[in-house]
Amino acid sequence: MEAIILAGGKAERLGDAAGGKPKSLVDVAGRPLVAYQVSRLVDAGVERVIVSCAAGQGPLFESELAGLGAEIVIAEEPERLGRGGGIKFAARERRDRGDVYAMNGDELVDVDFRALVARHGEAGGAATVAVARPKSPFGVVDLGHDDVVTGFSEGGRIPYWVNCGVYVLTDEAIDRFPDRGDHETTIFPELVEEGRLHAYRHEGLWLTVNTPKELRAACEHVAAHPEWLAA
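All of the points below concern the structure found in this document.

What counts and what doesn't
- Residues numbered from 1 in each chain as written.
- Predicted model: local features only at pLDDT ≥ 70, side-chain atom pairs only at ≥ 80, totals over all residues.
- Heavy atoms only, no water.
- Core = buried A, V, L, I, M, F, W, Y, C linked by side-chain atoms within 4.5 Å.
- Buried < 20%, exposed > 50% of the residue type's maximum accessible area, 1.4 Å probe, protein only.
- Helix = DSSP H or I, 4+ residues; strand = E, 2+ residues; numbered from the N terminus.
- Contact = heavy atoms within 4.5 Å.
- Salt bridge = Lys/Arg side-chain N within 4 Å of Asp/Glu carboxyl O.
- Phe/Tyr/Trp six-rings, centres within 6.5 Å; stacked < 30°, edge-to-face > 60°.
- Lys NZ or Arg CZ within 6 Å of the ring centre and 35° of its normal.

## Brief notes about the nonpolar core
Logical step 1: Counting residues in each nonpolar core, the largest one holds 31 residues, and the members touching the most others are Leu41, Val51 and Tyr101.
Logical step 2: Contributions of two or more residues to this core are made by strand S1 (2–6), helix H1 (33–43), strand S4 (48–54), strand S5 (71–77), strand S6 (100–104), helix H4 (113–123), strand S8 (127–132) and strand S11 (162–169).
Logical step 3: A per-element tally of this core places H1 first, with four residues.
Logical step 4: Those residues within four positions of Leu41 in sequence are excluded, and the remaining contacts are Ala3, Ile5, Val46, Val49, Tyr101, Met103 and Phe113.

Below, the structure is given as structure tokens:
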């Protein structure tokens, strides 16, 4: 299988913490953020990764992602196409037809890619989306009789499943993606109506990296789990 990574984020909310780099290339414990995804894809058997990035940034991505074990193919968007449009545009660079991984490049996530594609094959739908229950950013207040506060604790995982931006897509799904715009408001609702969009429940790590605080959390996680650096 091949993989498509959306890496066109500007890192505007990261500010100076981005070091002037695109969001997917910000430094996390000495490596570009998106390099962790590429390494995990390689471990899952992916040999060719298509990176959708902004015009003029291709050489930078090629340089930063060299030597990770996958052929890096660049798809520079001539203009901002949105996430769905970006995936469809990058899909033109595929060497073969068939199922393809697609994901955002600005997240630290340990989705089991082999299990994800196995779920996709078993479900037989047009697309499969990895879903997660993120940790609540709020602490929990325990209440007793007459609303007396009995304690405080850290927030657990929210009780709802959230799209964590990792997919397996069939040719049909990609062909139906918009040329410009977001797939979550176009083709995905259509697939829901048809009963052909399935989910893979991911119980592991999912950290988005949009702000300096989230970047620090990603760096701290990798520092506390050195196996990420060995990937």
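## A word on H1
Logical step 1: Within H1, eight of the 11 residues are buried, leaving the element largely enclosed by the surrounding structure.
Logical step 2: Along H1, the residues that are buried comprise Leu33, Val34, Ala35, Tyr36, Gln37, Val38, Ser39 and Leu41.
Logical step 3: Among the residues trailing H1, Gly45 stands out with phi positive, at a value near 100 degrees.

## Brief notes about the pattern of salt bridges
Logical step 1: Tallying each qualifying case throughout the model produces 19 salt bridges.
Logical step 2: Arg97 is paired through a salt bridge with Asp171; the nearest N and O atoms lie 3.5 Å apart. Note that Arg97 is positioned in the loop between helix H3 (82–91) and S6 and Asp171 in helix H5 (residues 171–176), a separation of 74 residues in sequence.
Logical step 3: Residue classification places Asp171 among the buried residues on the basis of a relative accessible area of 17%.
Logical step 4: A salt bridge links Glu194 to Arg176; the nearest nitrogen and oxygen atoms lie 2.9 Å apart. With a gap of 18 residues between them, Glu194 in helix H6 (residues 187–194) and Arg176 in helix H5 connect regions that are remote in the sequence.
Logical step 5: Given the relative accessible area of 28%, Arg176 is considered partly exposed.
Logical step 6: Put simply, Glu172, Arg176, Glu190, Glu194 and Arg196 are held in one network by salt bridges that share partners.

## A word on the packing of aromatic side chains
Logical step 1: In this structure the tally under the stated criterion is three aromatic pairs.
Logical step 2: Pairing Tyr167 with Phe188 gives two aromatic rings, centres 5.5 Å apart and planes at 75 degrees, and the pair type is edge-to-face. In this pair, Tyr167 sits in strand S11 while Phe188 sits in helix H6, placing the two residues 21 residues apart along the sequence. The pair formed by Tyr167 and Phe188 is uniform in burial state, with each residue classed as buried.
Logical step 3: Note on Phe177 and Phe188: the rings are 6.2 Å apart at their centroids and 85 degrees apart in plane angle, and the pair reads as edge-to-face. One end of the pair, Phe177, is in the loop between H5 and H6; the other, Phe188, is in helix H6, and 11 residues separate them in sequence.
Logical step 4: On the basis of relative accessibility, which here comes to 2%, the residue Phe177 falls in the buried class.
Logical step 5: Three or more aromatic residues joined by ring pairs make a cluster, and in this case those are Tyr167, Phe177 and Phe188.
Logical step 6: Stacked on the ring of Tyr36, the Lys or Arg Arg31 has its end atom at 4.9 Å from the ring centre.
Logical step 7: A cation over an aromatic ring shows up here: Arg133 above the ring of Trp161, its NZ or CZ 5.0 Å from the ring centre.

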